[in-house]
Amino acid sequence: MSKYVITYDTGTTGIKTCLIRIDDEIKILASATHGYSLSVEEETGVKGGAEQDADEWWEAMCQTTKTVFEKAPEIKKEQIEGISFCSAMQGLVLVDKEGNCIRKPMTYMDQRATEELKEGFAHGIQVAGGEVSKLLKCLKYTKAAPLSVKDPVWKYKWVEAHEPEVFKKIYKWLDVKEYLILRCSGEFVMTTDSAFSTLIYDTRKGHEGWCEPLCKTFGVNMAHLPKIMKSTDKVGEVTEKAAEELGLAPGTAVFGGGGDASLIGVGTGAVEVGDTHVYSGTSGWVCTVVDQQVVDTGALMAAIVGADPKSYNYFGELETSNKCVNWVKDHLALDEIGVYLQQHPTGDNDYEHIAFNLYDFLEEVVEKAEPGAGGVVFTPWLHGNRCPFEDPNAAGMFFNIKLETGKTELIRAVVEGIAFHMRWMLERQDMKKEVHISNSVRFCGGGALGSATCQILADILQKDVEVVDSPQNIGAVGAAACIAVGLGVIPEIKDVKKLIPAKVTYHPNKANKAVYDRNYSVFKNLYKSNKKNFAILNG
């Protein structure tokens, strides 16, 4: 019998809400999106700051819930058997006992806590940027370490150091979806994958849970840490107040769900050991499912806890992925509206419509340009970088511009640069003998909507690239998989693979290998050659 559920994919710039039917496949019946603001350092007044308003998350959630019912009027709120979440991870949402935010949440992008990282982890003899005794302790308990300024423990310590009055009010430390779970159900919980992403979670068999030795090492008050539950657990029910605001039935089951790094792979069907997926949304990553915890401290890659308790996700992140294409739209393409109007006349000069459809126009431009972008190489580090090197000072650049270089080459170079960085992280993963990369990769996120982009990725990786239906909504599908397990529709997470087939496959063009290998070799050299320059300009 079909099950109807609603899932919320809460990203960096907006929410995607999906009404989904689960039977012999996971089918999106209706979806709605709503954006919200992101305040970076200019608005926060703090260097490296990146914050959001939790009330804007909730308002977007309420509006989109009503919209999906309007789009699928045959489905009534009483038929919804569960809701769940997929969200950005490694945020810091601090709440009081009443569940109110006591300061604006810091997103995963926030990198203000440089001094806290230095004070907490960078004294004495160092390996991979961390003091050796603390690093070994972290690897003992978690098989990972908070070596990045963006890790939430340093944000927590920043609040303690800079906002002591706020710190005194903390009741619980939550992440993004955990706050939304609280708002829906009144329950203070954190799913296992979110708990691991704090890097103070003990992953040793038989000891899973908050790690007291690491909390003591980093000065974390364990009373601030919520109850841990599985991604597939029913964690509560929608309250009367939340039901009225959302347009749901009171008592609707709330399931834990997971972070985007956990569920996007699930939603794309890459769930068995060896399966690899590439995600290109605002941020991006390469992830391979492994059966043991693997860590590469030099590249800040680790096998993280996901939604499936029987496996791990070996993960490398790019801070700005398809966000770079959005930057191109805003800064390189909007002045091409005249050209666009000539080729795609609308009759009414609807510029909002034009700006939206410029993504399709950009795909046309990219497809027409020659592979290799005329020798131009772009680095997609518009907000620093995390893997395979950590440097908040790193920035984007166009390298090798000449008189004959045009905007067409620049735009294609951006798409190729994102794919080069994905290849860099994938090759770094493949260096580990414990990791077995699949022959084909699943590609998802907004970047996977363009056929030219998919072909470029296949050519640069020299692997088959598979794309599933609605690749931009894949986090919501992963959240639905958690509900499916929780409701007993499927036995465990890995069984979701048969419900999510690939819709199209892109095969690599061998003729493009030489030019891409050449440009890729230059791409990898650009950071090392410019590290000091980045520090001079941005340090």
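Residues numbered from 1 in each chain as written. Predicted model: local features only at pLDDT ≥ 70, side-chain atom pairs only at ≥ 80, totals over all residues. Heavy atoms only, no water.

A look at the overall build of the protein
Check the secondary structure of the protein and you find 18 helices and 27 strands. For 539 residues, the compact-globule estimate of 2.2 N^0.38 gives 24 Å, and the protein sits close to it at 22 Å. If you line up the protein on its principal axes, its C-alpha atoms span 65 × 60 × 45 Å. When burial is assessed residue by residue, the protein has 60% of its 539 residues classed as buried. Expressed as a percentage of contacts within the protein between residues at least 6 apart in sequence, the contacts between residues at least 24 apart total 71%. Surface summary for the protein: the accessible area is close to 21300 Å², and the carbon and sulfur share equals 50%. Here the protein carries 58 positive and 73 negative side-chain charges, and the mean point of each set is 6 Å from the other. (Helix = DSSP H or I, 4+ residues; strand = E, 2+ residues; numbered from the N terminus. Rg over C-alpha atoms; globule rule 2.2 N^0.38 Å. Buried < 20%, exposed > 50% of the residue type's maximum accessible area, 1.4 Å probe, protein only. Contact = heavy atoms within 4.5 Å. Areas by Shrake-Rupley, 256 points an atom, 1.4 Å probe, with all protein chains shown as cover. Lys, Arg positive; Asp, Glu negative; His and termini not counted. Charge placed at Lys NZ, Arg CZ, Asp CG, Glu CD.)

Let's talk about the nonpolar core
In terms of nonpolar packing, the biggest core is built from 137 residues, with Ile-26, Phe-121, Trp-173, Ile-200, Phe-218, Val-220 and Trp-381 touching the most fellow members. If one sorts the elements of this core by residue count, helix 15 (residues 407–430) sits on top with 12 residues. Apart from residues lying up to four places away in sequence, Val-220 is in contact with Val-153, Tyr-156, Trp-173, Ile-200, Cys-215 and Leu-225. (Core = buried A, V, L, I, M, F, W, Y, C linked by side-chain atoms within 4.5 Å.)

Some points on the pattern of salt bridges
Under the counting rule described, the total for this entry stands at 30 salt bridges. Residues Lys-157 and Glu-160 are paired through a salt bridge, measuring 2.6 Å at the closest nitrogen-oxygen approach. Within this pair, Lys-157 and its partner Glu-160 are both found in helix 5 (residues 152–162), separated by three residues, close to a single helical turn. According to the relative accessible area criterion, Lys-157 is buried, its value standing at 17%. Each member of the salt-bridge network shares a partner with another, and the members are Glu-51, Arg-103, Asp-110, Arg-112 and Glu-163. (Salt bridge = Lys/Arg side-chain N within 4 Å of Asp/Glu carboxyl O.)

Quick look at helix 12 (residues 322–333)
Those residues of helix 12 not exposed but buried are Asn-322, Cys-324, Val-325, Val-328, Lys-329, Leu-332 and Ala-333. Axial view of helix 12: buried residues confined to an arc of 155 degrees, hence all on one face. (Arc of directions from axis to C-beta.)

Some points on empty space enclosed by the protein
For the structure on display, the rule yields three cavities of 30 Å³ or more. The computed volume of the largest cavity comes to approximately 500 Å³. Lining the largest cavity are 29 residues, and of these Gln-90, Asp-151, Ile-304, Phe-315 and Arg-386 sit closest to its centre. Going through the elements one at a time, helix 8 (192–197), helix 11 (260–267), strand 20 (295–296), strand 21 (301–305) and strand 22 (312–318) are the ones with two or more residues in the lining of the largest cavity. A class-by-class count of the residues in the lining of the largest cavity yields 17 nonpolar, six polar and six charged. Estimated volume of the second largest cavity: approximately 110 Å³. Ser-262, Val-266, Ala-270, Val-289 and Asn-313 are, among the 16 residues lining the second largest cavity, the residues nearest its centre. Of all the secondary structure elements, the ones that give two or more residues to the lining of the second largest cavity are helix 11, strand 19 (284–290) and strand 22. Considering every element that reaches the lining of the second largest cavity, the biggest residue donor is helix 11, with four residues. Residues that form the lining of the second largest cavity fall into these classes: nine nonpolar, six polar and one charged. (1 Å grid on protein atoms, 1.4 Å probe; cavity = no way out; pocket = protein on both sides within 12 Å on 5 of 7 lines; lining within 4 Å. Points joined across faces, edges and corners; volume = space filled by probe spheres on them. Nonpolar A, V, L, I, M, F, W, Y, C, P; charged D, E, K, R; others polar.)

Looking at helix 16 (residues 451–461)
Within helix 16, nine of the 11 residues are buried, leaving the element largely enclosed by the surrounding structure. The complete set of buried residues in helix 16 reads Ala-452, Thr-453, Cys-454, Ile-456, Leu-457, Ala-458, Asp-459, Ile-460 and Leu-461. Immediately downstream of helix 16, the backbone of Gln-462 shows phi near 55 degrees, a positive value.

Topic: the sheet that holds strand 21
In spatial order, the strands read 20-21-22-19-18-25-26-27; together these eight strands make up an open sheet with mixed pairing. Where the open sheet ends on each side, the last strands, each with one partner, are strand 20 and strand 27 (502–506). The pairing of strand 20 with strand 21 spans two bridges and is antiparallel. If you follow Asp-296 over to strand 21, its bridge partner there is Met-301. (Pairing = 2+ DSSP bridges.)

Some details on the packing of helix 12 against helix 15
For the pair helix 12 and helix 15, the least separation of the axes is 9 Å and the interaxial angle reads 165 degrees. Taken together, the axes of helix 12 and helix 15 are roughly antiparallel relative to one another. The handedness of the crossing between helix 12 and helix 15 comes out as right-handed. Of the residues in helix 15, those touching helix 12 at Asn-322, Cys-324, Val-325, Val-328 and Leu-332 are Lys-407, Leu-410, Ile-411, Val-414 and Ile-418. (Axes fitted to C-alpha atoms, helices over the stretch in contact; angles between N-to-C directions. Parallel < 35°, antiparallel > 145°, perpendicular 65-115°, else oblique. Left-handed = near helix turned anticlockwise from the far one by under 90°.)

Structural notes on the packing of aromatic side chains
Counted according to the given criterion, the structure contains 23 aromatic pairs. Ring centres of Phe-420 and Tyr-516 lie 6.2 Å apart, and the angle between their planes is 75 degrees; on these two criteria the pair is classed as edge-to-face. Of the two residues, Phe-420 sits in helix 15 while Tyr-516 sits in helix 18 (residues 513–538), which places them 96 residues apart along the sequence. Each member of the pair Phe-420 and Tyr-516 is classed as buried. Geometry around Trp-158 places Arg-112 over its ring, the cationic atom sitting 4.5 Å from the centre. For the cation-ring pair, Lys-172 lies above Tyr-171, with the distance from its terminal atom to the ring centre recorded as 5.0 Å. (Phe/Tyr/Trp six-rings, centres within 6.5 Å; stacked < 30°, edge-to-face > 60°. Lys NZ or Arg CZ within 6 Å of the ring centre and 35° of its normal.)

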